[in-house]
Amino acid sequence: MITPAFAQGSAPAGGAEIALQVVPFILIFVIMYFLILRPQQKRVKEHQALIKNVRRDDTIVTTGGLVGRVTKVLDDASEIEVEIAPNVRVKIVRTMISEVRVKGGPVKAA
(Lines give C-alpha, C1' and ligand atoms only; values in the text may rest on other atoms or scores of the structure.)
Protein backbone atom coordinates (compact mmCIF):
# COMPACT_ATOMS: atom_id res chain seq x y z
CA MET A 1 0.00 0.00 0.00
CA ILE A 2 1.24 3.44 -0.88
CA THR A 3 0.66 6.23 1.57
CA PRO A 4 -0.26 9.72 0.29
CA ALA A 5 2.97 11.17 1.73
CA PHE A 6 5.10 8.64 -0.17
CA ALA A 7 3.25 9.32 -3.42
CA GLN A 8 3.74 13.07 -3.07
CA GLY A 9 7.48 12.68 -2.41
CA SER A 10 8.29 11.47 -5.94
CA ALA A 11 9.04 14.35 -8.28
CA PRO A 12 8.92 14.13 -12.06
CA ALA A 13 12.24 13.57 -13.83
CA GLY A 14 14.05 16.90 -13.93
CA GLY A 15 16.97 18.19 -15.97
CA ALA A 16 19.56 17.20 -13.37
CA GLU A 17 18.40 13.58 -13.29
CA ILE A 18 18.48 13.29 -17.07
CA ALA A 19 21.98 14.77 -17.13
CA LEU A 20 23.14 12.17 -14.62
CA GLN A 21 21.72 9.43 -16.84
CA VAL A 22 23.54 10.75 -19.94
CA VAL A 23 26.96 11.11 -18.28
CA PRO A 24 27.80 7.35 -18.36
CA PHE A 25 27.10 7.21 -22.11
CA ILE A 26 29.39 10.17 -22.73
CA LEU A 27 32.12 8.56 -20.64
CA ILE A 28 31.77 5.28 -22.56
CA PHE A 29 32.08 7.15 -25.87
CA VAL A 30 35.20 9.02 -24.72
CA ILE A 31 36.83 5.78 -23.51
CA MET A 32 36.00 4.01 -26.79
CA TYR A 33 37.45 6.92 -28.77
CA PHE A 34 40.80 6.79 -27.00
CA LEU A 35 41.07 2.99 -26.80
CA ILE A 36 39.67 1.97 -30.20
CA LEU A 37 39.19 4.76 -32.72
CA ARG A 38 42.45 6.73 -32.34
CA PRO A 39 44.77 3.71 -32.54
CA GLN A 40 42.87 2.43 -35.58
CA GLN A 41 43.21 5.80 -37.33
CA LYS A 42 46.94 5.79 -36.56
CA ARG A 43 47.32 2.31 -38.09
CA VAL A 44 45.44 3.39 -41.22
CA LYS A 45 47.76 6.39 -41.68
CA GLU A 46 50.85 4.20 -41.22
CA HIS A 47 49.52 1.68 -43.78
CA GLN A 48 48.85 4.45 -46.31
CA ALA A 49 52.40 5.75 -45.85
CA LEU A 50 53.75 2.21 -46.26
CA ILE A 51 51.84 1.75 -49.52
CA LYS A 52 52.93 5.14 -50.82
CA ASN A 53 56.63 4.42 -50.17
CA VAL A 54 56.86 1.02 -51.89
CA ARG A 55 59.87 0.95 -54.22
CA ARG A 56 61.41 -1.37 -56.73
CA ASP A 57 63.18 -4.43 -55.19
CA ASP A 58 61.12 -4.27 -51.98
CA THR A 59 59.93 -7.64 -50.72
CA ILE A 60 56.24 -7.41 -49.91
CA VAL A 61 53.50 -9.60 -48.47
CA THR A 62 49.97 -9.25 -49.80
CA THR A 63 46.77 -9.67 -47.83
CA GLY A 64 46.30 -12.98 -49.65
CA GLY A 65 49.65 -14.26 -48.35
CA LEU A 66 51.74 -13.95 -51.52
CA VAL A 67 55.35 -12.97 -50.95
CA GLY A 68 57.15 -11.35 -53.83
CA ARG A 69 59.63 -8.78 -55.03
CA VAL A 70 58.42 -5.53 -56.54
CA THR A 71 59.70 -5.22 -60.12
CA LYS A 72 57.79 -2.23 -61.41
CA VAL A 73 56.20 0.72 -59.64
CA LEU A 74 54.34 3.55 -61.33
CA ASP A 75 53.72 6.67 -59.26
CA ASP A 76 50.34 7.39 -60.83
CA ALA A 77 49.00 3.84 -61.01
CA SER A 78 47.17 1.99 -58.30
CA GLU A 79 48.84 -1.25 -59.39
CA ILE A 80 52.36 -2.59 -59.04
CA GLU A 81 54.11 -5.48 -60.71
CA VAL A 82 55.42 -8.18 -58.39
CA GLU A 83 57.62 -11.17 -59.17
CA ILE A 84 56.37 -14.11 -57.10
CA ALA A 85 58.68 -16.72 -58.70
CA PRO A 86 61.48 -16.57 -61.27
CA ASN A 87 59.98 -15.12 -64.46
CA VAL A 88 56.45 -15.11 -62.98
CA ARG A 89 55.14 -11.57 -62.65
CA VAL A 90 51.69 -10.48 -61.51
CA LYS A 91 50.00 -7.14 -61.11
CA ILE A 92 48.75 -6.35 -57.62
CA VAL A 93 46.61 -3.49 -56.42
CA ARG A 94 48.63 -1.34 -54.00
CA THR A 95 45.97 -1.44 -51.29
CA MET A 96 46.39 -5.22 -51.04
CA ILE A 97 49.91 -4.86 -49.62
CA SER A 98 49.89 -5.80 -45.97
CA GLU A 99 53.60 -5.68 -45.14
CA VAL A 100 56.96 -4.62 -46.57
CA ARG A 101 59.57 -7.05 -45.31
CA VAL A 102 62.84 -6.00 -46.91
CA LYS A 103 63.50 -2.55 -48.24
CA GLY A 104 65.08 -2.30 -51.67
CA GLY A 105 67.96 -0.17 -52.81
CA PRO A 106 67.92 3.59 -53.20
CA VAL A 107 65.73 5.16 -55.87
CA LYS A 108 67.68 5.93 -59.04
CA ALA A 109 67.50 9.49 -60.28
CA ALA A 110 65.97 9.73 -63.74
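About the thresholds
Residues numbered from 1 in each chain as written. Predicted model: local features only at pLDDT ≥ 70, side-chain atom pairs only at ≥ 80, totals over all residues. Heavy atoms only, no water. UniProt positions renumbered as here; feature names shortened; annotations may be inferred. Core = buried A, V, L, I, M, F, W, Y, C linked by side-chain atoms within 4.5 Å. Buried < 20%, exposed > 50% of the residue type's maximum accessible area, 1.4 Å probe, protein only. Helix = DSSP H or I, 4+ residues; strand = E, 2+ residues; numbered from the N terminus. Contact = heavy atoms within 4.5 Å.

Per an unreviewed UniProt entry, the protein chain goes by the name Sec translocon accessory complex subunit YajC and belongs to Methylobacterium radiodurans. UniProt's Subunit (unreviewed entry) comment on the protein chain is quoted here verbatim: "Part of the SecDF-YidC-YajC translocase complex. The SecDF-YidC-YajC translocase forms a supercomplex with SecYEG, called the holo-translocon (HTL)." Regarding the protein chain, the UniProt comment filed under Subcellular location (unreviewed entry) reads as follows: "Cell membrane".

Take the nonpolar core next. Core analysis: the biggest nonpolar cluster contains eight residues, these being Val54, Ile60, Val70, Ile80, Val82, Ile92, Ile97 and Val100. Taken together, the elements giving at least two residues each to this core come down to β3 (79–85) and β5 (97–102). Those residues in contact with Ile97 that lie beyond four places of it in its chain are His47, Ile51, Val54, Ile60, Val61, Thr62 and Ile80.

As a further point, take the UniProt feature "transmembrane region" (unreviewed entry) in the protein chain. The sites that UniProt annotates as "transmembrane region" (unreviewed entry) are residues 18–37. Helix makes up 100% of residues 18–37 and strand 0%, and the two end C-alpha atoms of the span are 27 Å apart.

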